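Each chain is listed here by its residues.
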Amino acid sequence: MVSRVIPVDPFDLVIFGGTGDLARRKILPGLYRRFRDGQMPDGARIIGAARGEMDDKGYHDFVAAALTEFLPQRALDPTAVEGFLGLLGYITVDATGKDGWAQLAKRMRKGVVQAFYFSVAPSLFGALAERLHKHKIAAPEARIVVEKPFGNDLATARALNATLAEHFDETQIYRIDHYLGKETVQNLMAVRFSNMLFEPLWKNQYIDHVQITVAETVGVGGRGAYYDTSGAMRDMVQNHLMQLLCLIAMEPPSKFEPDAVRDEKLKVIRALQPVDLDDIVRGQYRAGADTPSYTEDAENPDSLTESFIAMKVHVANWRWNGTPFYLRTGKRMKARMSEIVVRFKEPPHSIFEEDTGQSANELRIRLQPNEGMDLTVTIKEPGPGGMRLVDVPLDMTFADALGEDAADVPDAYERLIMDVIRGNQTLFMRGDEVEAAWAWTDPIIATWTAREDKPEAYDAGSTGPEEALILMHRDSRRWRELTS
Ligand SMILES: NC(=O)c1ccc[n+]([C@@H]2O[C@H](COP(=O)([O-])OP(=O)(O)OC[C@H]3O[C@@H](n4cnc5c(N)ncnc54)[C@H](OP(=O)(O)O)[C@@H]3O)[C@@H](O)[C@H]2O)c1
């Protein structure tokens with residue numbers, strides 16, 4: 001059994017942007033799976049909201065089509081689908097207008113958990129918050145869920161925080177970073193903080209370096225115009241990679257409670273040293289045999305935006321002094337792979353001869369594909385022929401250990417939405433965390449913007465620009481192979 005399914009309290013969940021791409025691909029299929037697995041109480045209700053004209057029946061058909069499109073056939077139990085559709089309603093509402101708000105107010109029930117998912121463009125967050133307040137729709141303890149991007153820099157993030165704060169308390173605001181909802185990410189905390197094995201070694205004395213890679217094979221086509229105003233630094237590093245780094249580098253919180261965890265993450269972000277520009281490599285993918293170049297995807301032939309970034313980062317505190325964190329993320333790469341590698345130091349003295357093949361231990365935490373962890377340990381190669389050493393993984397791949405159940409490990413979105421209903425903010429970013437992350441990234445972006453730095457071109461389907469390999473080689477280290 002993967003997890004005990006603990007039903008949540010009755011709730012009204014309103015999804016603004018309930019007909020959008022994210023709702024169709026992630027939110028609604030995730031909610032269906034939670035319903036199918038018995039996590040939703042009888043009093044659960046989900047209301048899609050957008051400007052398009054539709055009645056409840058129309059929305060049922062719309063959602064049924066999304067489930068068929070985005071869930072594997074084996075996940076679709078006709079009775080469960082019908083039961084789930086029965087929870088759904090739809091309201092036509094304009095975030096910036098007057099229409100629909102009175103009807104929405106009438107539909108909301110008293111005495112149940114209220115959650116409002118802002119799955120719309122961030123420019124509409126303020127208007128939604130204001131109208132929920134003005135029309136007295138949101139109860140005092142209602143929760144709002146906001147999607148990324150949370151601002152484009154420190155100034156816009158601060159403004160957004162201030163706008164939301166006019167109508168909602170910080171304890172009501174759930175800023176989603178779906179990386180934090182991944183099973184392995186939470187497992188990382190379990191592994192670190194509930195085993196004696198790792199924590200005593202979790203420091204510069206024993207860890208040589210950490211690598212965090214989030215590589216994608218897709219380009220930015222389809223959302224090129226948006227991406228071109230963002231780039232890998234804003235789109236991936238400032239949020240996802242930063243959050244992963246925090247979970248690796250943070251001190252043990254005193255409790256697994258929202259503010260205890262988030263206080264420790266914030267300390268890590270504030271301890272990040274400004275990055276030397278020589279320690280950053282920016283790249284832009286070229287056209288492949290049958291794929292367009294970045295500039296074609298972005299429809300901007302002069303674009304200086306990076307679709308790849310690799311950087312060396314230092315956390316300035318006692319625990320991590322001298323242990324670098326290497327971050328790497330890119331589009332149109334050789335493989336789709338997200339992983340964290342914690343590379344331990346070599347033993348201080350080897351009793352074996354130099355050519356026996358001894359190397360260092362590695363803890364590898366894979367977020368995708370194949371969520372799981374493995375730890376390489378050096379052992380003697382079996383057989384005669386003297387002492388030859390070989391690295392073998394102690395494999396904790398969920399798929400192997402849990403068999404078919406692993407396929408049913410909840411998706412990050414479904415886990416996070418259930419946390420919203422439970423009122424647990426541990427896996428959501430707090431406003432000060434987001435601002436601290438921007439405060440660290442802004443000067444880096446400002447420098448290369450001022451210098452009009454041109455990203456290095458790299459081949460589609462490669463591991464990124466040559467310079468990223470050199471970044472590691474300079475330190476006599478190497479990236480782990482990109483494999484899917
Ligand atoms: N898609 C993803 O994979 C993804 C991933 C991470 C984050 N996000 C974030 O999630 C949010 C939604 O993204 P998306 O990809 O789902 O966008 P989308 O496909 O463009 O959908 C936008 C949704 O908002 C509704 N909408 C637009 N203007 C509105 C208004 N004035 N009042 C009420 N509803 C309005 C649209 O319906 P109508 O036009 O009918 O109103 C539609 O349902 C964005 O903040 C995005 O950055 C998306």
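Residues numbered from 1 in each chain as written. Predicted model: local features only at pLDDT ≥ 70, side-chain atom pairs only at ≥ 80, totals over all residues. Heavy atoms only, no water.

**Q** I'd like a description of the overall build of the chain, backed by residues and values.
**A** Helix and strand counts for the chain come out as 15 helices and 15 strands. Expected size for 484 residues packed as a compact globule is a radius of gyration near 23 Å; at 24 Å, the chain falls within 12% of this value. C-alpha extents for the chain along the principal axes are approximately 75 × 55 × 50 Å. Taken across its 484 residues, the chain has 52% of its residues classed as buried. Sequence-distant contacts in the chain: of pairs separated by 6 or more residues, those separated by 24 or more amount to 76%. Considering the chain, the positive charge centre built from 57 side chains and the negative charge centre built from 72 side chains are found 3 Å apart. (Helix = DSSP H or I, 4+ residues; strand = E, 2+ residues; numbered from the N terminus. Rg over C-alpha atoms; globule rule 2.2 N^0.38 Å. Buried < 20%, exposed > 50% of the residue type's maximum accessible area, 1.4 Å probe, protein only. Contact = heavy atoms within 4.5 Å. Lys, Arg positive; Asp, Glu negative; His and termini not counted. Charge placed at Lys NZ, Arg CZ, Asp CG, Glu CD.)

**Q** For the sheet that holds strand β5 (residues 143-146), give the residues involved together with the corresponding values.
**A** Read from one edge of the open sheet, 6 strands run β3-β2-β1-β4-β5-β6, paired in parallel fashion. The sheet is open, and its two borders are formed by β3 (88-92) and β6 (173-175), each paired with just one other strand. When strand polarity is set aside, the average angle formed by the axes of neighbouring strands in this sheet is 20°. (Pairing = 2+ DSSP bridges. Axes fitted to C-alpha atoms, helices over the stretch in contact; angles between N-to-C directions.)

**Q** I'd love a proper account of the pattern of salt bridges, names of residues and values included.
**A** Tallied over the entire structure, the rule returns 41 salt bridges. The shortest N-O distance in the salt bridge between R430 and D259 comes to 2.8 Å. On the criterion of sequence distance, the pair formed by R430 in the loop between α13 (412-422) and α14 (431-450) and D259 in helix α10 (residues 258-270) is long-range, its members being 171 residues apart. Residue R451 pairs with D453 through a salt bridge whose shortest N-O separation is 2.9 Å. A relative accessible area of 52% places R451 in the exposed class. Here the residues in one salt-bridge network are E339, R343, E362, R364, R366, D374 and R480, joined through shared partners. (Salt bridge = Lys/Arg side-chain N within 4 Å of Asp/Glu carboxyl O.)

**Q** Residue-level account of the site of the ligand, with values.
**A** In the region of the ligand, 20 residues are neighbours, and T19, D21, R25, R51 and V120 sit closest. Within the side chain of R51, a nitrogen or oxygen atom sits 2.8 Å from an oxygen atom of the ligand. In isolation the ligand offers 880 Å² of accessible surface; the protein chains occlude 71% of this area. Per-element accounting of the shell around the ligand gives the leading share, 3 residues, to helix α1 (residues 21-36). Residue composition of the shell around the ligand, by class: 8 nonpolar, 6 polar and 6 charged. (Near = heavy atom within 4 Å. Polar contact = N/O pair within 3.5 Å; in protein donor to acceptor, adjacent residues only side chain to side chain. Areas by Shrake-Rupley, 256 points an atom, 1.4 Å probe, with all protein chains shown as cover. Nonpolar A, V, L, I, M, F, W, Y, C, P; charged D, E, K, R; others polar.)

**Q** Explain the nonpolar core to me, and be specific about the residues and the numbers.
**A** Of all hydrophobic cores here, the largest spans 144 residues; its most connected members are F16, F118 and M311. Among the elements that line this core, the one with the most residues is helix α9 (residues 231-249), at 12 residues. Look past the residues within four positions of M311 in its chain and what remains in contact with it is M233, V237, V275, D279, I280, F325, Y326, L327, W440, I444 and L471. (Core = buried A, V, L, I, M, F, W, Y, C linked by side-chain atoms within 4.5 Å.)

**Q** Requested: an account of the sheet that holds strand β13 (residues 372-380), with residues and values cited.
**A** The sheet built from 9 strands is open, its strands ordered β14-β13-β12-β11-β7-β10-β9-β8-β15 with mixed pairing. In the strand order of this sheet, the two ends are held by β14 (389-395) and β15 (456-458), each with one partner. When the angles between neighbouring strand axes are averaged without regard to direction, this sheet yields 20°. Contacts between α14 and the sheet are confined to β8 (280-285) and β9 (308-313), with β9 contributing the most and set at about 120° to the helix.

From the geometry alone we can't say anything about function, so treat these as descriptive.
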